[in-house]
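Given next are the chains, with one letter for each unit.
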Protein chains: 2
Amino acid sequence: MSNSAGLAAINQWVDANSARLLEELFQLIRIPSISTLPEHAGDVARAAQFTADALKTAGLENIEIIPTERHPLIYADWLHAPGKPTVLCYGHYDVQPPDPLELWVSPPFEPEVRNGNIYARGAVDDKGQMYAHIKALEAVKALTGTFPLNIKVLIEGEEEIGGASIAKFVPEHKEKLKADVALVSDTALYAEGIPTLCIGLRGLCYMEVEAQGPSRDLHSGLYGGAAPNAVFGLIELLAKAKNADGVIQIPGFYDDVAEPASAELDSWNSLPFNADEYVNNEIGAAVTGEPGRSVFEKTWSRPTLEVHGIAGGFTGAGSKTVIPAKALAKVSFRLVPNQDPEKIVALFKDWVAANKPAGIEAQVKVLGTSPGIIVNPDHPAIAVAAEVFEESLGRKTVFTRSGGSIPIVGDFAKHLGIPTVLMGFGLPDDGLHSPNEKFKLANYYQGIATVAHFLQRYGG
Amino acid sequence: MSNSAGLAAINQWVDANSARLLEELFQLIRIPSISTLPEHAGDVARAAQFTADALKTAGLENIEIIPTERHPLIYADWLHAPGKPTVLCYGHYDVQPPDPLELWVSPPFEPEVRNGNIYARGAVDDKGQMYAHIKALEAVKALTGTFPLNIKVLIEGEEEIGGASIAKFVPEHKEKLKADVALVSDTALYAEGIPTLCIGLRGLCYMEVEAQGPSRDLHSGLYGGAAPNAVFGLIELLAKAKNADGVIQIPGFYDDVAEPASAELDSWNSLPFNADEYVNNEIGAAVTGEPGRSVFEKTWSRPTLEVHGIAGGFTGAGSKTVIPAKALAKVSFRLVPNQDPEKIVALFKDWVAANKPAGIEAQVKVLGTSPGIIVNPDHPAIAVAAEVFEESLGRKTVFTRSGGSIPIVGDFAKHLGIPTVLMGFGLPDDGLHSPNEKFKLANYYQGIATVAHFLQRYGG
């Protein structure tokens, strides 16, 4: 045991413990901690307890399971390295619902390794990556008997439902959470083997739009032609929100969009990108969206409007000739840096009021918002991260963005004044939020080793 | 007992038997014979048996429960009046699904009389009206010991799902079903107390449109902006099918639409119509649809496009940020006389193929079609029906159309060469296919008496 362990020693520790490291992760994955479904609240609580226990095993102290209005937060720390930087590790132990269940090859909460991948809901988003942090801490402690810097850990159970509790907790506990940098593993490598630091994220406004037509469901024979139809009204309204090219038609929507610097665009354009692979294996359909924009721009630096789901009227087997009274759609905007979520919500509400079809009432309910963010790439922690990532994977680290939203990164910037190192170990085709979500087994182990190496090196 | 019974005697019989007539109807209504839901197939069979038993009680002979690919047909006859006309009575014992259940004041299959109305699924469509026919036959037999003309009865259990079995049965059994006129009670009085003969019906093309975008559900953060969205694609496609005025945008769709004669239009315009009542109490929303057309035209003589239901993506509680791979809509056209259902289906399929959005595949599946029809008002049976209706309700009979579809009426015209007397006892606000469907109790009894009176008078 020494005060510092090199990458080789860390890799050796991971190898020697590989079976246990996998089985423990499987135990966590088997808990169906689906945060959005009230019937799984007990599972979410079990996952929180499991995570807290793992932090204790790793050598963390002051472990707290903090009740919230919904699902608990977990806090832990180790603060015995005066003069050394403090790293705040973040992750989430909740997962998305697994439906449509019939499309899974193996059951979503019975993890299985096939072709070198762990298949399960939460394998990569975010249980596998969050647990890799905890195991990296355990590795450092096991190899050196201590930690080379100060550690704080904050883990939530509401990331997949908007993160309301942590968003409230962070500004109310600035002193407790004070740190030099945050470390988050909830993103992906740009491609297999390419060390990738993500320095930009899109924000999100997630809403429900409800349409009401007639006061009750009507017979389409007797009233069809004269009565408004809530489903058609909602269809008509939402269709107007984008043109055939995917350009959002809400006045003022693009006003504050910050375009990426030309250097950033140039670097994206130098990334390897296989368009055939993307079309045929990743999305399985033609690329659509704004003309004249690359896929990088479309998914990293351009805002979007999506309808995530729609329901209304009769959709059972056979035919029912009804004019539906009500219809509901789940709608979101992805936002990019400089767009203000509150302003966008207001623009959308005004637009809905002005554009609802004749005979249709429409209501917008906001379920959650977060701004797009850009991380300052000049921070020393980012430089160290780029260096260790390069060492770990044997290749130069690239800087990218992600089109997804990690609202906590914006909260850390706003309330704690710290940047976040987004060091992710997923792969682009991992199928986050989809059936057959996977996490490459080698990347799980690599994640443990790379995070441990980062902590050692940043602790100097 | 005499060979003929006048309206007064019939009314007396109905009064004397009123409690039993109601309780028997309740027994039929309590059987949830929802033809579209496979799990209710046993209930549909029970309703068929109940109906066959009632025909036996009424004095009919040669009763058959005829198996089909789906739900049984019921046939019965009484053919001992040589030289007298033959009436073919038609009805259906199946019902629409009752959802949304939470909007019913009393459970849909536990009939209840409130404010003089029977509330239940099937109360008016069509169990109450079909059973009124059977009880009218029973009344005639009870009062006169015989029937004054030849009777054939054909009752189906698939009216609410397109009537495939009866549509096959009729052309294959022309001799068995040979008659002078058909009598159908599956329509409504124009208004309370106004004897109404419906001489026109709209047809129907009922279809499913399925859209496929990406090959799997995708994370809207990682792929949003570049990947097509099946729900939005379906929305975009269907929204293009009508303009903001409700005018259908499919080329050639209106080519064969027959406009009503100006005499018919004039008579419609002379009908009492309370626009406030229609807006506030019937549809509970503003009147929409083609500009410059009256509500009568919109609902009786103009074709429509409706989306009866739509489903796709995530619509549970909370938020799931998915780009859905698939979406489905139930879509129908109501057709008017002279429009060919097959031609309309072909136009729609071509239009879908030409208009599907980028990245979206769309399939049209036809669940059932029937043409719009017009009944010849000069047939002697129609004249008798108008006369007895006038006597029964004490007011001149009006001729109207219905916007609904009764495909069997077209089949009787096409294959048997006979017109249909559409003598309905419902009311416009009965809520067919909706929660809290009702049938005015007095109209149930009046229906029994009027049909009995018609049989006596038409039998001479």
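Residues numbered from 1 in each chain as written. Chains lettered and ligands numbered in written order. Predicted model: local features only at pLDDT ≥ 70, side-chain atom pairs only at ≥ 80, totals over all residues.

Colleague: Tell me about the sheet that holds strand E4 (residues 112–114) of chain B, residues and numbers included.
Modeller: Residues and elements named next belong to chain B. The sheet built from three strands is open, its strands ordered E4-E5-E18 with antiparallel pairing. Among the strands making up the open sheet, the edge pair consists of E4 and strand E18 (438–440). Pairs of neighbouring strands in the sheet enclose a mean axial angle of 30°, with direction left out of account. Bridge count between E4 and strand E5 (residues 117–119): three bridges; the pairing is antiparallel. For Glu 112, the partnering residue across the bridge sits in E5 and is Tyr 119. The strands touched by helix H4 (residues 123–144) are E5 and E18; relative to E18, the strand with the most contacts, the crossing angle is about 45°. Where helix H15 (residues 441–458) meets the sheet, it contacts E4, E5 and E18, and its direction lies at approximately 65° from that of E18. (Pairing = 2+ DSSP bridges. Helix = DSSP H or I, 4+ residues; strand = E, 2+ residues; numbered from the N terminus. Axes fitted to C-alpha atoms, helices over the stretch in contact; angles between N-to-C directions. Contact = placed C-beta atoms within 7 Å.)

Colleague: Requested: an account of the domain arrangement of chain A, with residues and values cited.
Modeller: All names here are of chain A. As far as domains go, chain A holds domain 1 (7–201 + 372–458) and domain 2 (203–257 + 303–370). Put simply, the middle of domain 1 and the middle of domain 2, counted by C-alpha atoms, are 35 Å apart. If you list the elements that add at least two residues to the side of domain 1 that touches domain 2, you get strand E15 (373–374) and helix H14 (407–416). Residues of the side of domain 1 that touches domain 2, tallied by class, amount to four nonpolar, six polar and no charged. (Domains from an automatic or database assignment. Nonpolar A, V, L, I, M, F, W, Y, C, P; charged D, E, K, R; others polar.)

Colleague: Could you give me a rundown of the relation of the copies chain B and chain A, with the residues and numbers involved?
Modeller: For the pair chain B and chain A, the best superposition has an RMSD of 0.1 Å and corresponds to a rotation of 180° with a translation of 0.0 Å parallel to the axis. When the rotation and shift are considered jointly, the pair of chain copies conforms to a two-fold rotation axis. Mapped onto chain A, 99% of the interface residues of chain B again fall at the interface, so both copies present the same surface. (Least-squares fit on C-alpha atoms with pLDDT ≥ 70 in both.)

Colleague: Can you break down the pairing of strand E6 (residues 150–156) of chain A residue by residue, with the values?
Modeller: All names here are of chain A. Within E6, seven of the seven residues are buried, leaving the element largely enclosed by the surrounding structure. Along E6, one buried face is formed by Asn 150, Lys 152, Leu 154 and Glu 156 and the opposite face, lined by Ile 151, Val 153 and Ile 155, is buried too. Where strand E2 (residues 73–78) lies against E6, five bridges are found, and the strand directions are antiparallel. Looking across to E6, one finds that Ala 76 is bridged to Val 153. Here strand E3 (residues 86–92) pairs with E6 via seven bridges, running parallel. Bridging from a neighbouring strand, Tyr 90 pairs with Leu 154 of E6. (Buried ≥ 20, exposed ≤ 12 C-beta atoms within 10 Å, placed from the backbone.)

Colleague: Break down the interface of chain B and chain A for me, citing the residues and quoting the values.
Modeller: The interface of chain B with chain A comprises 83 residues on the first partner and 82 residues on the second. Of all the elements, strand E11 (residues 304–313) of chain B adds the most residues to the side of chain B that touches chain A, at nine residues. Tallied by class, the residues present in the side of chain B that touches chain A amount to 38 nonpolar, 35 polar and ten charged. Pairing of strand E11 (residues 304–313) of chain A with E11 of chain B involves five bridges; the strand directions are antiparallel. Looking across to E11 of chain B, one finds that Ala 311 of chain A is bridged to Ala 311 of chain B.

Colleague: How would you sum up the environment of Glu 264 of chain A? Please name residues and give values.
Modeller: With respect to the element layout, Glu 264 of chain A can be found in helix H9 (residues 262–269). A C-alpha to C-alpha distance of 18 Å links Glu 264 of chain A and Val 421 of chain A, two positions 157 residues apart in sequence.

Colleague: Now, about the packing of helix H13 (residues 380–393) of chain A against helix H15 (residues 441–458) of chain A: what can you tell me, with residues and values included?
Modeller: Residues and elements named next belong to chain A. Taken N-terminus to C-terminus, the directions of H13 and H15 make an angle of 135°; their axes are 9 Å apart at the nearest point. On the basis of their axis angle, the class for H13 and H15 is oblique. The way H13 lies across H15 gives a crossing that is right-handed. Residues Ala 381, Val 384, Ala 385, Val 388, Phe 389, Glu 391 and Ser 392 of H13 form the contact with H15, whose own contacting residues are Gln 446, Ala 449, Thr 450, His 453, Phe 454, Arg 457 and Tyr 458. Here the residues of the contact of H13 with H15 sort into eight nonpolar, four polar and two charged. (Parallel < 35°, antiparallel > 145°, perpendicular 65-115°, else oblique. Left-handed = near helix turned anticlockwise from the far one by under 90°.)

Colleague: How would you summarise the environment of Trp 300 of chain A if you had to cite specific residues and measurements?
Modeller: All names here are of chain A. Relative to the assigned elements, Trp 300 resides in helix H11 (residues 295–301). Residue Trp 300 is classed as buried on the basis of its C-beta count, with 26 C-beta atoms lying within 10 Å. Between the alpha carbons of Trp 300 and Arg 334 there is a distance of 9.7 Å; along the sequence they are 34 residues apart.

Colleague: So what's going on with the pairing of strand E7 (residues 181–184) of chain A? Which residues, and what values?
Modeller: Residues and elements named next belong to chain A. Burial along E7 is two-sided: Val 181 and Leu 183 facing one way and Ala 182 and Val 184 facing the other are all buried. Pairing analysis gives three bridges linking E7 to strand E17 (residues 420–423), with the strands arranged parallel. Across the sheet, residue Val 184 finds its bridge partner in E17, namely Leu 422.

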